[in-house]
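Residue strings, one per chain:
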Number of protein chains: 2
Amino acid sequence: MANNELSKDLDPIESFTMADVVELKLREYIKRKSFKPGDSLPKELELAEALGVSRNVLREALSRLRMLGMVETRKRRGMVLARPDILGTMERVLDPLIIDKDTLQDIFELRLVLEMGLAELLFSRKTEQDIKDLEAIAKKENGADKTFRIKNEIAFHGKLYEITGNDTLKRFQIMLLPIFGYVVTLEDQPTRGKVTHQDLVEILKTGTKEDFRIGMFEHLKPHFDRLTKPSGV
Amino acid sequence: MANNELSKDLDPIESFTMADVVELKLREYIKRKSFKPGDSLPKELELAEALGVSRNVLREALSRLRMLGMVETRKRRGMVLARPDILGTMERVLDPLIIDKDTLQDIFELRLVLEMGLAELLFSRKTEQDIKDLEAIAKKENGADKTFRIKNEIAFHGKLYEITGNDTLKRFQIMLLPIFGYVVTLEDQPTRGKVTHQDLVEILKTGTKEDFRIGMFEHLKPHFDRLTKPSGV
DNA sequence: ACATTTGATATGTAGTACATAAGTACTAGT
DNA sequence: ACTAGTACTTATGTACTACATATCAAATGT
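Residues numbered from 1 in each chain as written. Chains lettered and ligands numbered in written order. Predicted model: local features only at pLDDT ≥ 70, side-chain atom pairs only at ≥ 80, totals over all residues. Heavy atoms only, no water.

### Quick notes on the protein's contact with DNA strand C
Around DNA strand C sit 23 residues in total, of which Met18(A), Lys43(B), Arg55(B), Arg59(B) and Arg76(B) are the nearest. The contact atoms of DNA strand C, taken as those within 4 Å of the protein, divide so that sugar and phosphate hold 70%. For DNA strand C, a phosphate oxygen lies 2.8 Å from a polar atom in the backbone of Ser54(A). Between Arg76(B) and DNA strand C, the recorded distance is 2.7 Å, taken from a side-chain N or O atom to a sugar or linking oxygen. It is helix H4 (residues 55-67) of chain B that contributes the most residues to the surface near DNA strand C, four residues altogether. For the surface near DNA strand C, a count of residues per class yields four nonpolar, seven polar and 12 charged. (Near = heavy atom within 4 Å. Polar contact = N/O pair within 3.5 Å; in protein donor to acceptor, adjacent residues only side chain to side chain. Helix = DSSP H or I, 4+ residues; strand = E, 2+ residues; numbered from the N terminus. Nonpolar A, V, L, I, M, F, W, Y, C, P; charged D, E, K, R; others polar.)

### Structural notes on the interface of chain A and chain B
Facing the 56 residues of chain A at the interface are 56 residues of chain B. Taking both partners together, chain A and chain B bury about 5,200 Å²; carbon and sulfur atoms supply 63% of that area. It is Val93(A), Ile98(A) and Val113(A) that lose the most area in chain A upon contact with chain B, and together they represent 12% of the buried surface on that side. The shortest N-O distance in the salt bridge between Glu23(A) and Arg92(B) comes to 2.9 Å. Joining chain A to chain B, the criterion identifies 21 residue pairs in polar contact (both at pLDDT 80 or more). Mapped onto the side of chain A that touches chain B, the elements with two or more residues apiece are helix H2 (18-32), helix H4 (55-67), helix H5 (86-93), helix H6 (101-117), helix H7 (119-125), helix H10 (167-185) and helix H12 (209-228) of chain A. (Contact = heavy atoms within 4.5 Å. Buried area = accessible area lost by both parts, 1.4 Å probe. Salt bridge = Lys/Arg side-chain N within 4 Å of Asp/Glu carboxyl O.)

### Examining the packing of aromatic side chains
A complete count under the given rule lists nine aromatic pairs over all chains for this structure. Plain terms: the ring middles of Phe123(A) and Phe212(A) are 5.9 Å apart, the flat faces sit at 75° to each other, and that makes the pair edge-to-face. With Phe123(A) in helix H7 and Phe212(A) in helix H12, the pair connects residues that are 89 residues apart, well separated along the chain. Note on accessibility: Phe123(A) and Phe212(A) belong to one class, buried. Aromatic pair Phe172(A) and Phe172(B): ring centres 5.8 Å apart, planes at 10°, arrangement stacked. (Phe/Tyr/Trp six-rings, centres within 6.5 Å; stacked < 30°, edge-to-face > 60°. Buried < 20%, exposed > 50% of the residue type's maximum accessible area, 1.4 Å probe, protein only.)

### Regarding the sheet that holds strand S3 (residues 78-81) of chain B
All names here are of chain B. Taken in spatial order, the three strands make up an open sheet running S1-S3-S2, and their pairing is antiparallel. Whereas interior strands pair on both sides, the edge strands pair on one side only; in this sheet they are strand S1 (40-41) and strand S2 (71-74). In this structure, S1 lies alongside S3, joined through two bridges in antiparallel fashion. Bridge pairing links Ser 40 to Val 80 in S3. (Pairing = 2+ DSSP bridges.)

### Quick look at a nonpolar patch on the surface
On the surface, Leu97(B), Tyr182(B) and Leu186(B) cluster together into a nonpolar patch covering about 300 Å² of accessible area. Note on Leu97(B): relative accessible area 54%, which makes it exposed. (Patch = residues over 30% accessible without salt bridge, like charges linked within 9 Å, V, L, I, M, F, W, Y side chains within 5 Å. Areas by Shrake-Rupley, 256 points an atom, 1.4 Å probe, with all protein chains shown as cover.)

### Focus on the relation of the copies chain A and chain B
Laying chain A over chain B is done by rotating through 180° and shifting 0.0 Å along the axis; what remains is an RMSD of 0.1 Å. Taken together, the rotation angle and the small translation identify this as a two-fold axis. The rotation axis passes nearest to the C-alpha of Gly117(A) in chain A, at a distance of 2.0 Å. Most of the interface of chain A is mirrored in chain B, where 100% of its interface residues again form contacts. (Least-squares fit on C-alpha atoms with pLDDT ≥ 70 in both.)

Okay, structure coming up:
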């Protein structure tokens, strides 16, 4: 249908509601005043009056900021600014069932890009204990059934992210897991690269960053191969 | 202060408001019914009654979902599900001035990881036109002043993301720009790697993926060097 | 059959009222 | 004078009502 395509190309006139405007105004206000986490905001009634809207509308906007973790409110104590919960916010919208196919594919690729880029951090931060942990995970894999292998796969790659010592990265990965899993289930057959987890650990232990990147590529190669087929252009 | 550390360790008792609960219930409801974008939801009054809350509270919850792009509402037409605006949502909380130092650092590293991992996609998707574009950007750099060089830096790396053909990745990068910029301004001196943009283009043109990864690492080396100093552990 | 008007209806906004939690001030008792 | 306990105050949380506005649907007229 031509109409369908049309409605995708030019997104509809989003009539801004007062809540939208107030949300924006509050953001600006916070920035302009360069408030920092812990600072307290005026009371609802004052804000509402200052903005010329009902307390109702103001509360809708505040409710949004509260959801993002930008403000916290306690009865009688008023409102205070807080640090937004970045990962938590992202989690709210990362539902594989709602995201469109192209974006899912994009995110799948994003994960591959991340794993290929981990090498630097891994080699500069790995410890002997980390290697041992990885070895233990990789070893368990032998002769395990399918469902266990999937769990192990997650554990192994999860551990890699953990080694980077980058907590945001790690949580980001956990967040992407369901999406990754969802895309993988769409594949026809289980994909296994030539390079196994045990190989990767060995490289991490005795090899170089370059070796690891090549190894990781081989490990992920089945996924990369799927990509090169012209997917959804 | 001991008190400060304490309040960081055990996060405060978040007293859930009705809006919080209703937001969650609506999410569950949408999932359970496996609604898809385009499907229409019951009217506010019906939902409010079914949930046993005032229309006010329900609207606060809906306002949140609207912000995330999960639902759209038109007067009289009722509410319809929509695809959440992932990047737009993330943008809302990625304000360098509010994010804490550790997370900023984490995100900075995330960007480095991404750039190191781009090679595969770049080499499988680059076109001759892309190379020409990159060359043009890299060439402009010669003999330019500082502010222009920064803009050019952004343009070059932005173009790299663009070549991947991954729109989500590209927008993600744009989103991270202010953060990257912010962290860089905290550095003492301008950082320049041994490998220039022109070198990178040349590798992309005639070299291999491995060459490119090594080149990119050298290009980003000043940043990586900063990391290896034990930062904020 | 088509254009116009009229009416119905769901969302958007405003305003009032009251419950509840949490400071604050005041009182009483040792 | 100091502590404990009480009463008061106040800002947020929730509910309800009322009305404006946009838009779909039906009725009406040509």
